[in-house]
Amino acid sequence: MSTTFTQAELDYLSQARRLARIATADAAGRPHVTPVGMWHYNPEKGTIDVTGHDFAATRKYRNVAANPRAALVVDDIASTDPFRPRAVVVEGSARAVAADEEDAAPLIRITPDRIISWGLGSEADEDQGRADAR
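Report follows, based on the coordinates.

Analysis parameters
- As a convention, each chain's residues are numbered from 1 in the sequence order in which they are written.
- Whole-chain, interface and lining totals are the exception, using all residues; otherwise, since this is a predicted model, local features are given only for residues with pLDDT of at least 70 and side-chain atom pairs are given and counted only at 80 or more.
- The side-chain numbers reported here are obtained from all heavy atoms of the structure, hydrogens and water having been left aside.
- Each helix is a run of H or I in the DSSP string that is no shorter than four residues. Each strand is a run of E no shorter than two, and both are numbered from the N terminus.
- The contact criterion used throughout is that any non-hydrogen atoms of two residues lie within 4.5 Å.
- In short, Shrake-Rupley with a 1.4 Å probe defines the accessible areas, and a residue's cover is counted only from the protein chains shown.
- If DSSP finds at least two bridges between two strands, the strands pair.
- Contacts described as polar in this section are N or O atom pairs within 3.5 Å, which, within protein, must combine one atom able to donate a hydrogen with one able to accept it, while residues neighboring in sequence count only if both atoms come from side chains.
- We call a residue buried when its accessible area falls under 20% of the maximum for its residue type, exposed when it is over 50%, and partly exposed in between, using a 1.4 Å probe and counting protein chains only.
- Think of the arc as the fan of directions from the helix axis to the C-beta atoms.

**Describing the overall build of the protein**
Regarding its fold elements, the protein presents two helices and seven strands. In the protein, the succession of helices and strands from N to C terminus is α-β-β-β-β-α-β-β-β. Taking as baseline every contact in the protein between residues at least 6 positions apart, the subset at least 24 positions apart corresponds to 57%. Surface summary for the protein: the accessible area is close to 7,300 Å², and the carbon and sulfur share equals 52%.

Here it is, written out as structure tokens:
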């Protein structure tokens, strides 16, 4: 299981802004999934950083403060004929970073312990996704 992004995954994540979904859980383990539009790969830390408007007041931010695990999926459909979904899923430890700690704005920092991807290559390479994605 890889915890490092492949070049194909980094290329996909750096393309035009994509909507992602973040999954968190509260202290009791109740899941919460929500779309996020403000996220980026942090090459200095090898993490995915998620932020947004009034972020420290959000349920996802509070959830990570109480339960430091999260997952993020970025996906789309490359083609509908034939149908070719593609995605990068990042699962890992998460930390609610306050604005005054390391960054200008509050954020959730996900350190991958599992990265899954599929559909990122050409049609001929479609089955070349990460083995654990199947």
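**Overview of the pairing of strand E5 (residues 69-80)**
Side chains on a regular strand alternate between the two faces of the sheet. Here four bridges tie strand E1 (residues 20-25) to E5, and the two strands are oriented antiparallel to one another. Residue pairing for E5: Ala 23 is matched across the bridge by Ala 71. Bridge count for E5 against strand E6 (residues 83-97) is 11 bridges, and the pairing is antiparallel. What sits directly across from Ser 79, in E6, is Arg 84.

**Some remarks on the environment of Thr 24**
You can see Thr 24 is positioned in strand E1. Setting aside anything within four residues of it in sequence, one finds Thr 24 in contact with Arg 30, Pro 31, His 32, Lys 60, Asn 63, Val 64, Arg 69 and Ala 70. Separated by 3.0 Å, the side chains of Thr 24 and Asn 63 make a polar contact.

**Considerations on helix H2 (residues 59-66)**
Burial in H2 covers these residues: Lys 60, Tyr 61, Asn 63 and Val 64. Along the axis of H2, the buried residues cluster in a sector spanning 160 degrees; they form a single face. Residues of H2 that are buried sit in contact with E1, strand E2 (31-36), E6 and strand E7 (107-118).

**Some points on the pairing of E2**
Burial along E2 is one-sided: His 32, Thr 34 and Val 36 are buried, while Pro 31, Val 33 and Pro 35, pointing the other way, are not. Sheet topology note: the E1/E2 ladder contains six bridges and is antiparallel. Bridging from a neighbouring strand, Ala 23 pairs with Val 33 of E2. Joining the antiparallel neighbours E1 and E2 is a turn of five residues, in which Gly 29 adopts a positive phi near 90 degrees.

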